[in-house]
Amino acid sequence: MPAVTVPDNLALPRIEAPTAKATTLRPVTRVGDAPSGLEGEGFPVRRAFAGASLAELDPFIHMDQMGEVEYAPGEPKGTAWHPHRGFETVTYMIDGTFQHQDSIGGGGLITNGSTQWMTAGSGILHIERPPDQLIASGGLFHGIQLWVNLPSRDKMVDPRYQDITPGAVALLASPDGGALVRVIAGRVAGVDGPGVTHTPIAMVHATLAPGARLELPWDPRHNALVYVLAGRGTVGEAAQPIEEGQLAVLGDGGHIVAEAHPRGDARASDLDLLVLGGTPIGEPVAHYGPFVMNTRAELQQAFEDYQAGRLGTIPADERR
């Protein structure tokens, strides 16, 4: 699971170790398993937020862990052209390559640590698919797609596309150098990730070596979700066991704590975590298919606008 790596974590800026007085560790309020499913044209996913309530997730709506899968030649799959309105889609590629194109001219390859941040806003059409080279050769495919809600005032903003390259991601290390922390969006431990968001959120990918402990300062105004991409360890104030494919919902506090199984333990391996949080929007959510609005009437309007071609058009060279 390479994403962005460095030869020596100790060469990175360190997260300041909190004093005992300043540390308020967030407790785990619930742990859930992510069931497996298929998305798009049939690529495997884990539904990371299954079982979590919208109140626990707010401002997030949906997240899929795509893969991890080793494709044989001819097997890689993607999505067909489809619409979105009312939220942002975030595609973070950990291993492998996805190709994006949309109806406002955005697009390109998303590969090995890259993130494509698309604000659907008032409406957009897009497609994500493996490039021809990957279809021909097969290969490793592993990533995340996250849906971030927009508040009602921003539901109809103009669509926007951000291409976040691996080199733009802010990198930090835990005080002992045992954890590599990649800040993709938001302000964490005094540094800003490159993602520009309408809704205040933070998105972090952390890799903890066996035995490493990470105490990550976290905005008390944000909720906190920890999803295990790979490995086993513990999370939260009471050291709740957690493993690959599980989501922990955390309560209030100023720090998130996680620890990988110690060296020598038969279960010891790197613990890979996606850590998410944001300021809850606290508005009604009407969600159906590719649209996330506030009311049923707005959903109906989104479908009518899509059918009338008002959410954009597929580029002429892509119509088939």
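Let me sum up the structure you'll find in this document. (Residues numbered from 1 in each chain as written. Predicted model: local features only at pLDDT ≥ 70, side-chain atom pairs only at ≥ 80, totals over all residues. Heavy atoms only, no water.)

With antiparallel pairing, the 4 strands of this open sheet are ordered in space as S5-S10-S7-S8. The outermost strands of the open sheet, each flanked by one partner alone, are strand S5 (82-84) and strand S8 (107-111). Going across the sheet, the axis of each strand differs from the next one's by a mean of 30°, ignoring polarity. Of the strand pairs in this sheet, S5 and strand S10 (residues 124-129) are connected by 3 bridges, and their pairing is antiparallel. The partner of His84 across the bridge, within S10, is Ile124. (Pairing = 2+ DSSP bridges. Helix = DSSP H or I, 4+ residues; strand = E, 2+ residues; numbered from the N terminus. Axes fitted to C-alpha atoms, helices over the stretch in contact; angles between N-to-C directions.)

Since the α-helix advances by 3.6 residues per turn, residues separated by three or four positions end up pointing in the same direction. Taking 1.5 Å per residue, 12 residues should reach 16 Å; helix H3 (residues 296-307) reaches 17 Å between its end C-alpha atoms and fits that length. Buried residues of H3: Leu299, Ala302 and Asp305, and no others. Buried residues of H3 fall within an arc of 125° about the axis and therefore sit on the same side. Across H3 from its buried face, at more than 90 degrees, point the exposed residues Arg296, Ala297 and Gln307. Of the residues one or two after H3, Gly309 is the one with positive phi, at around 80°. (Expected span 1.5 Å × (residues − 1). Buried < 20%, exposed > 50% of the residue type's maximum accessible area, 1.4 Å probe, protein only. Arc of directions from axis to C-beta.)

Another point: the pairing of S10. Counted residue by residue, S10 has 6 buried out of 6 residues, so it is predominantly covered. Burial along S10 is two-sided: Ile124, His126 and Glu128 facing one way and Leu125, Ile127 and Arg129 facing the other are all buried. By the bridge criterion, 4 bridges tie strand S7 (residues 97-102) to S10 in an arrangement that is antiparallel. Looking at the pairing, Gln99 lines up with Arg129 of S10.

So, about the side chain of Arg85. With respect to the helices and strands, Arg85 occurs in the loop between S5 and strand S6 (87-95). Residue classification places Arg85 among the buried positions, given a relative accessible area of 5%. A polar atom in the side chain of Arg85 sits 3.0 Å from the side chain of Asp305. (Polar contact = N/O pair within 3.5 Å; in protein donor to acceptor, adjacent residues only side chain to side chain.)

All right, on to the nonpolar core then. Within the largest apolar cluster, 33 residues are counted, with the highest numbers of intra-cluster contacts made by Phe49, Met63, Leu146, Met203 and Leu276. When near neighbours in sequence (up to four residues on either side) are disregarded, Met203 contacts Val90, Tyr92, Trp117, Leu146, Arg182, Val183, Ile184, Ala185, Leu274, Val275 and Leu276. Among the nonpolar cores identified, the runner-up in size contains 28 residues, and Val181, Val204, Ala206 and Leu273 belong to it. (Core = buried A, V, L, I, M, F, W, Y, C linked by side-chain atoms within 4.5 Å. Contact = heavy atoms within 4.5 Å.)

For the structure on display, the rule yields 13 salt bridges. The partner of Glu56 in a salt bridge is Arg30, and the shortest N-O contact between them spans 3.5 Å. Linking Glu56 in helix H1 (residues 54-57) with Arg30 in strand S1 (residues 28-33), this pair joins segments that are 26 residues apart in sequence. When the shortest N-O distance is used, the salt bridge between Asp64 and Arg47 registers 2.6 Å. One end of the pair, Asp64, is in strand S4 (residues 60-71); the other, Arg47, is in strand S3 (residues 43-47), and 17 residues separate them in sequence. (Salt bridge = Lys/Arg side-chain N within 4 Å of Asp/Glu carboxyl O.)

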